[in-house]
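Analysis of the macromolecular model
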Amino acid sequence: MPMTESPKNDRPPHLWIDAIQAEDRVSGCYLVKEKRLATARNGNAFLSLTLADRTGEISAKVWENAESVSGLFHEGDIVQVEGKAGSYRDQLQMTVSGLNLWKGSPDPEIFLETSPQDPSEMMRSLREVLKGIADVHLKGLVDSFLGDREFLTGFKRAPAAKNFHHSYLGGLLEHTLSVCHMAVHAADHYPQLNRDLLVTSAFLHDIGKIRELKYDLSIDYTDEGRLVGHVVLGVAMVDEKLKGFKEFPTELAVRLRHLILSHHGQYDFGSPKMPKFLEAFALHLIDDLDAKINGIGRFLERDRHEGAWTD
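Each value, and the rule that gives it
- Per chain, the residues get numbers from 1 upward, laid out in the order the sequence is written.
- Since the coordinates come from a predicted model, pLDDT governs what is reported: local features require at least 70, and pairs of side-chain atoms require 80 or more to be given and counted, while whole-chain, interface and lining totals use all residues.
- Side-chain metrics rest on all non-hydrogen atoms present in the structure, leaving aside hydrogens and water.
- Elements are defined by DSSP. Helices are runs of H or I of four residues or more, strands are runs of E of two residues or more, and each kind is numbered from the N terminus.
- Exposure classes here rest on a 1.4 Å probe applied to the protein chains alone. A residue is buried below 20% of its type maximum, exposed above 50%, and partly exposed in between.
- Here, two residues are considered to be in contact whenever any of their heavy atoms come within 4.5 Å of each other.
- Values of accessible area rely on a 1.4 Å probe in the Shrake-Rupley scheme; residue burial ignores everything except the protein chains shown.
- Two residue types count as positive, namely Lys and Arg, and two as negative, namely Asp and Glu; His and chain ends fall outside the count.
- In this description, the location of a charge corresponds to atom NZ of lysine, CZ of arginine, CG of aspartate or CD of glutamate.
- What counts as a ring pair is set by centres within 6.5 Å for rings of Phe, Tyr and Trp (its six-membered ring), and what kind of pair is set by the plane angle: stacked under 30 degrees, edge-to-face over 60, tilted for all other angles.
- In this scheme, Lys NZ or Arg CZ marks a charge over a ring once it lies within 6 Å of the ring centre and within 35 degrees of the ring normal.
- Take the residue count of a helix, subtract one, and multiply by 1.5 Å to get its expected span.
- Contacts described as polar in this section are N or O atom pairs within 3.5 Å, which, within protein, must combine one atom able to donate a hydrogen with one able to accept it, while residues neighboring in sequence count only if both atoms come from side chains.
- Axis definition: a line fitted to C-alpha atoms, over the contacting stretch in the case of helices. Angles run 0 to 180 degrees between N-to-C directions.
- An angle below 35 degrees is read as roughly parallel, one above 145 as roughly antiparallel, one from 65 to 115 as roughly perpendicular, and any other as oblique.
- Residue polarity is assigned by list, with Asp, Glu, Lys and Arg as charged and Ala, Val, Leu, Ile, Met, Phe, Trp, Tyr, Cys and Pro as nonpolar; anything else, Gly included, falls into the polar class.

Further remarks concern the overall build of the chain. Looking only at helices and strands, the chain features 12 helices and seven strands. Within the chain, buried positions represent 48% of all 311 residues. Within the chain, residue pairs in contact and separated by at least 24 positions form 59% of the contacts whose partners lie at least 6 positions apart. Only carbon and sulfur atoms are counted for the fraction: they give 51% of the accessible area of the chain, which is about 16,500 Å². Put simply, the chain has 36 plus and 46 minus side-chain charges, and the middle of one group is 3 Å from the middle of the other.

Quick look at the structure:
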């Protein structure tokens, strides 16, 4: 049986999900990410759950008294479960024998993963990159964000996504720093690119995620995020700052807006606009590369499918 964590704040010992193996007896508190009441082929109701902590997720099933158990809790609640892990179609699955709503004070450190990189060091590196912006207008805009304490508080803590890439606290800063570094390299390699414009847009392209996402015990979309989305929110945040710059060139502002609006690259991927000049194509490709390297890499690390190939 894998090691469990010592009790903290009257919380029972915690068995991390990534440590659970088939045939393990499981006892602990987990976040309910998904909950679905369904009917088996024999006509009996069962409860299908996705339980999570910061190390991963596990599928779980409640076969007995499913309807009454379902009434005890909701998605987003913390539940204390007893059960046994097994293998179903080469995937780990828990059969739950006991479940109660956990009414103690939840510890966010158990349920929210944090960037493996130090936020202070990442912020220092980002400031160093942004120091290289020579254009006085873009430099002023960037500095207005860097001098905004409320913005920085959210920027340093926010995740970059709900699920696929950098989906942990500090993920937005980690992703932004990586995209900025690659923007510098791209501008060095392709001198026809406007370096200052590309680096500035790399810094600002995802700032709307500060308002798009919420994160207490799990990452989810805010109402504003669902209704408007981070791309449009990011442009609105830039426009709000631009009100303080009376001589900011109109064409430069339009290009910066386009870079944010087009950075997803395709309408199907949530871009209101397709990239229409070189820096916009470069930003989209750099952003996509960083997101995929992180997202696929994390999937490979966590995949528990038996054999040489991932699920």
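Under the criterion given, the structure shown has seven aromatic pairs. An angle of 85 degrees between the planes, with centres 6.4 Å apart, marks the rings of phenylalanine 145 and phenylalanine 203 as edge-to-face. Remark: phenylalanine 203 occurs in helix α7 (residues 195-204) and phenylalanine 145 occurs in helix α4 (residues 136-146); sequence separation between them is 58 residues. Arranged with centres 5.3 Å apart and planes meeting at 15 degrees, the rings of phenylalanine 151 and phenylalanine 155 form a pair that is stacked. Within this pair, phenylalanine 151 and its partner phenylalanine 155 are both found in helix α5 (residues 149-157), separated by four residues, close to a single helical turn. On the accessibility criterion, phenylalanine 155 (0% relative accessible area) is buried. Counting every residue linked through ring pairs, the aromatic cluster contains Phe145, Phe151, Phe155 and Phe203. Directly above the aromatic system of phenylalanine 73 lies the positively charged group of lysine 35, at a separation of 4.5 Å from the ring centroid. Looking at arginine 255, its charged tip hangs above the ring of phenylalanine 277, at a distance of 4.5 Å from the centre.

In this model helix α3 (residues 119-130) runs 16 Å from its N-terminal to its C-terminal C-alpha over 12 residues, within 8% of the 16 Å that 1.5 Å per residue would give. Looking at the buried positions of α3, the neighbouring elements they touch are α4, α5, α6 (171-189) and α7. Two to three positions downstream of the cap, the backbone nitrogen of serine 120 sits 3.2 Å from a side-chain oxygen, assigning the N-cap of α3 to aspartate 118.

Attention now goes to the packing of α4 against helix α10 (residues 230-242). Relative placement of two packed helices is described by the angle separating their axes and the distance separating the axes. At their nearest, the axes of α4 and α10 sit 10 Å apart, and the two run at 105 degrees to each other. The orientation of α4 with respect to α10, classified from their angle, is roughly perpendicular. Contacts between α4 and α10 involve Leu141, Ser144 and Phe145 from the former and Met237, Val238, Lys241 and Leu242 from the latter. Classifying every residue of the contact of α4 with α10 by side-chain character gives five nonpolar, one polar and one charged.

By secondary structure assignment, the location of threonine 55 is in the loop between β2 (45-53) and β3 (56-62). Take threonine 55: its relative accessible area is 16%, and that puts it in the buried class. A polar atom in the side chain of threonine 55 sits 3.3 Å from the backbone nitrogen of isoleucine 17. The contact partners of threonine 55, leaving out residues within four places of it in the chain, are Trp16, Ile17, Asp18 and Arg302.

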